Each structure stands twice: as structure tokens, then as C-alpha cells.
Amino acid sequence: MAFPPRQDATATYSPETVRNAYPSLSDGHAYLDGAAGTQTPQSVIDAITGAYRAGLSNVGGTFPASHRADAIVAACRAAVADLVGGVPHGVILGANMTTLTYRLARVLTGPGDEVVISRLDHDANVRPWTQTGARVRWAEVDPVTGELPVDQFTELVGPRTRLVAVSAASNILGTRPDVAAICEIAHAAGALTYVDGVHATAHGPVDVHALGADFYATSAYKWSGPHVGAVIADPVALESLHPDKLLPSPDTVPERFELGTAPLADLAGVTAAVDHLAGLLPGTGSRRERLLASMAAAEEHELGLFAEMLAGLETMPHVTLYGKPARRTATAYFTVAGLPPRRVAEHLAARGVNVWSGHNYAWELTGALGVRDSGGAVRAGLVHYNDRSDVERLLEGVAELRSSPPARP
Ligand SMILES: Cc1ncc(COP(=O)(O)O)c(C=O)c1O
């Protein structure tokens, strides 16, 4: 995928400036838990409180507070569209990715259809499709590398395939499968594609057209925004779908897919989060252009630190790392000999290092890796605001566990 050159060739990524935008990062903790939800910059907090302070009513009314609500919704759709390369009228907003995916699964598939889903995926891009009554075909993961081989999709996808659901990045191994190639196979057979971008969106530039995603799901709380989900699709395709809805609610696209009253102030926060991401790297140009440059710089920053994190963990004989995918986000998944993952997370928490342990809802993948029934593993991930000291603190904390006593039965 070709991205425009950076607008300001002299601009450099400054983690320190980025970190200063986040009030919570001054609490002394190393936040390596971004894959479960990021911290919130002051600009997002201000946008949310500002929306309430200005007087905020419901949408569609005749007075200024309602006009402000209309403007907030429109701005949010435009911002999310810019983030992923979609169009505002194709942005469906909702509570979170899981809720939206269940809703879309019911309208996209049903008994008599075939769906292809992958064991790499978070359960939110698995169970909504297995529970519609469609016949399921599984794409398998290589448990050693953590890759999702593309070749198998030519076998799995056929004339009966209605939809292929696949993740743009694994939330535990960070694997970035070749989504564009998978979507091409799906489209050649006349199938739709539903791409889970919840983990991927935070970690680099996104172009839904280059990916070949007919539907692309994301969640703002993974990229510095509030707890709001979005699915981005072609509005023309959405016109042909008719989900269950209340009789008096709008039948327009994308409103037809949205249930009840939106969390309006939070939507203002989503727009602020996109603007924040667009400004990670100083530059000029349209917001879309600045997003592409900023997110590419953020990815470079994350992967640079991640190489140090991986190198450090690899030298520790008591650590087992899972997966070694060629293309990945800065997300590590590991166990420590003799210790349940939760105990490792507790040890690190006591040192001010925030990590997750368990299956992290990657239910099929942790099953394939053989760790699901023994408490999963520890997940430590980097996002754009992490710095070298976060990595060093993780490595020091894990190194201390070298001579840990055997696990209690
Ligand atoms: C890769 C991935 N997909 C889907 C989800 C579910 O997202 P949400 O919490 O918005 O329902 C998550 C949440 O952790 C995730 O990491």
C-alpha cells in the first residue's frame, strides 16, 4: 500500500511529547495493557466534558443544543472514516465491536450459508458467526509461528461461502495476516469479508480498501478514545441490508443499524481521539494524510521498542514466548517457567507494570497454542505512548522471576 510522503520531512516522533498529552501516564505505572484498552489524552477528556458543558440535547431537534448533537454525530463519522479510509455515511456507531458484530452477523448470514472464520481471531469475530446457524469452516493457525497461512483459504472458500471473517491483527500474538490476499480469495468466490480491526487500528495506518474489507470493525477505546465501537462499510452495500429496528427509528444508512440514543458526548471524544492520533507527528495536510504519516511513525516507534522487548525476553531461559509471526504488532505473549500467568501479572503489578494474563478472549487461539486450560499466558503490548523505560521495567520484573519456586498445586 502506498502512503503519501510525510508532510514535514524534518518532523520526528517524540514519545515524550506524546506522553505529556496523557494525564494518567504520570501515575508512575508502565502501561503495557493497551491491547485491552488505552489511556485517554486530555484533549479527549476535554471534548467529552466540553460536549456536556455546552448544553447537549438529543439529535434532530430545532434548537442549538440539538444542532450540536447532530454536529457531534456527523463529526464522529467523518473522523472514523478518515482514520480507516472509509466514507462518513458508511460508519456505523455502536456500543462496542462485539455488539455491532452480533448485529451484523444476524443480517449478513444465516442457516444455509457457509462462513469461513479463523482460529487466530478474538472470540468477538468468531462466536457471532458460529451462532447464526451458518455452516462453519475453520482457518487454522500454525501454533509454532502464530501465522494464519493464506493458502488454506483457497480450499476453504467456495461457491457457498457467504462471508469470510478474519482479524487484521491478533490481540495476543500480534500476528498481522495477509488480509488483502485473504479478501481477494473471498471476493473471487463472491463472498463478503468482515475484518476485525480492533487490535490492528491502534498500531499503524489503515486503508479498508487496500485490505479489501467489506466490513471493518474497530473500537475507539483501543486507540485513546472512549468506549465506542464502529463498523465501516460501503454505504451502498449497507442499503441492501435490513436489520431489526424500531418502527419509528430512521431507516436511512447508516442510522438503520444503530439502536437507541448514542453516547453523544463520547462521540465527541472519538473525534478528539482521531485528531490526537493525527497529531502524533507534527505535520500539515488533510487529517487523513496526517493520520497516515502519524500512524506510520507510531508503528515504527512501537516496533523499535518491541525489538528490544523481544530480544530481552528471548535471552531469559525461564521465559517461553508464543508465536513468531513475520508481520506483527508490538504484542508479546509469554509464560514464565513454574508460575501461573496470573502470578506473573501480580508480581509485575506490584512493581507498577500493568500487563494482562489469561486467554484474553482469544479462545480458539489459546486452545490451538495449548495454553488455554492452564491459565493462558502473560500479554505485554506496546502502543504509541510507551517508552523505553516501560520496556526496561517489564524486563527487570520478569528477570526477577528466574529462580521462582514451583507453582503451587
Ligand atoms: C482483536 C479484538 N477484537 C474484538 C474485541 C472486542 O472488542 P469490543 O470490546 O469493542 O467488543 C477485542 C477486545 O479486546 C479485541 O482485542
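Residues numbered from 1 in each chain as written. Predicted model: local features only at pLDDT ≥ 70, side-chain atom pairs only at ≥ 80, totals over all residues. Heavy atoms only, no water.

(A) Spotlight on the environment of Val144. Inspection of the secondary structure assignment puts Val144 in the loop between strand 4 (135-139) and helix 6 (152-156). For Val144, a relative accessible area of 65% translates into the label exposed. Separated by 90 residues in the primary sequence, Val144 and Asp234 have C-alpha atoms spaced 37 Å apart. Non-local contacts of Val144, meaning those with residues more than four positions away in its chain, are made with Gly323 and Lys324. (Helix = DSSP H or I, 4+ residues; strand = E, 2+ residues; numbered from the N terminus. Buried < 20%, exposed > 50% of the residue type's maximum accessible area, 1.4 Å probe, protein only. Contact = heavy atoms within 4.5 Å.)

(B) Seen up close, the pairing of strand 6 (residues 192-196). The buried count for strand 6 comes to four of five residues, which makes it a mostly enclosed element. Pairing of strand 5 (residues 161-167) with strand 6 involves five bridges; the strand directions are parallel. Looking at strand 6, one finds that Ser167 is bridged to Asp196. Crossover connection from strand 5 via helix 7 (residues 179-188) to parallel strand 6: handedness right-handed. Relative to strand 7 (residues 215-219), strand 6 runs parallel, the two being bridged by three bridges. (Pairing = 2+ DSSP bridges. Right-handed = clockwise from strand over helix to strand, strands pointing away.)

(C) View of the sheet that holds strand 10 (residues 331-336). Judged by pairing direction, the sheet is antiparallel, and its four strands sit side by side in the order 9-10-13-12 without closing on themselves. The open sheet has two free edges, formed respectively by strand 9 (319-321) and strand 12 (356-358), since each of these has just one partner strand. The mean angle between the axes of side-by-side strands here comes to 35°, regardless of whether they run parallel or antiparallel. Judged from the four bridges that link them, strand 10 and strand 13 (residues 377-381) form a sheet pairing that is antiparallel. From the neighbouring strand, Tyr333 faces strand 13, where its bridge partner is Arg379. (Axes fitted to C-alpha atoms, helices over the stretch in contact; angles between N-to-C directions.)

(D) Just helix 4 (residues 97-108), in detail. In this model helix 4 runs 16 Å from its N-terminal to its C-terminal C-alpha over 12 residues, within 8% of the 16 Å that 1.5 Å per residue would give. Looking at the buried side of helix 4, the elements it contacts are strand 2 (91-94), helix 5 (127-130), strand 5, strand 6, strand 7 and strand 8 (229-233). (Expected span 1.5 Å × (residues − 1).)

(E) Region of the structure containing the packing of aromatic side chains. This model, assessed by the stated rule, comprises four aromatic pairs. The interplanar angle of 70° and the centroid separation of 4.9 Å between the aromatic rings of Trp129 and Tyr194 together place this pair among those described as edge-to-face. With a gap of 65 residues between them, Trp129 in helix 5 and Tyr194 in strand 6 connect regions that are remote in the sequence. Take Trp129 and Tyr194: they sit in the same class, and that class is buried. Ring plane angle 20° and centroid distance 6.0 Å describe the contact between Tyr194 and Phe215, whose orientation is recorded as stacked. You can see Tyr194 sitting in strand 6 and its partner Phe215 sitting in strand 7, a full 21 residues away along the chain. As far as the burial class goes, Tyr194 and Phe215 line up, both buried. (Phe/Tyr/Trp six-rings, centres within 6.5 Å; stacked < 30°, edge-to-face > 60°.)

(F) Spotlight on the sheet that holds strand 3 (residues 114-118). Sheet architecture is open: seven strands sit in the order 2-8-7-6-5-3-4, paired in mixed fashion. Edge strands, defined here as strands with exactly one partner in the open sheet, are strand 2 and strand 4. Across the sheet, the mean angle separating the axes of adjacent strands is 20° when strand polarity is ignored. Where strand 3 and strand 4 come together, five bridges link them in parallel fashion. Pairing of Val116 across the sheet is with Arg137, part of strand 4. Packing against the sheet, helix 7 makes contact with strand 5 and strand 6, and its axis sits at approximately 155° to strand 6.

(G) Main features of the pattern of salt bridges. All told, the structure shown has 20 salt bridges when counted by the stated rule. Here Arg106 ties to Asp244 by a salt bridge, and the two come within 3.5 Å at their closest N and O atoms. One end of the pair, Arg106, is in helix 4; the other, Asp244, is in the loop between helix 9 (235-239) and helix 10 (264-278), and 138 residues separate them in sequence. Both residues of the pair, Arg106 and Asp244, belong to the exposed class. Here Arg342 and Glu346 are joined by a salt bridge, their closest N and O atoms 3.8 Å apart. Here Arg342 pairs with Glu346, and both are found in helix 12 (residues 341-350), just four residues apart, close to one helical turn. Since its relative accessible area comes to 56%, Arg342 is described here as exposed. Here the salt bridges do not stand alone but share partners, grouping Arg119, Asp123, Arg127, Glu140 and Glu364 into one network. (Salt bridge = Lys/Arg side-chain N within 4 Å of Asp/Glu carboxyl O.)

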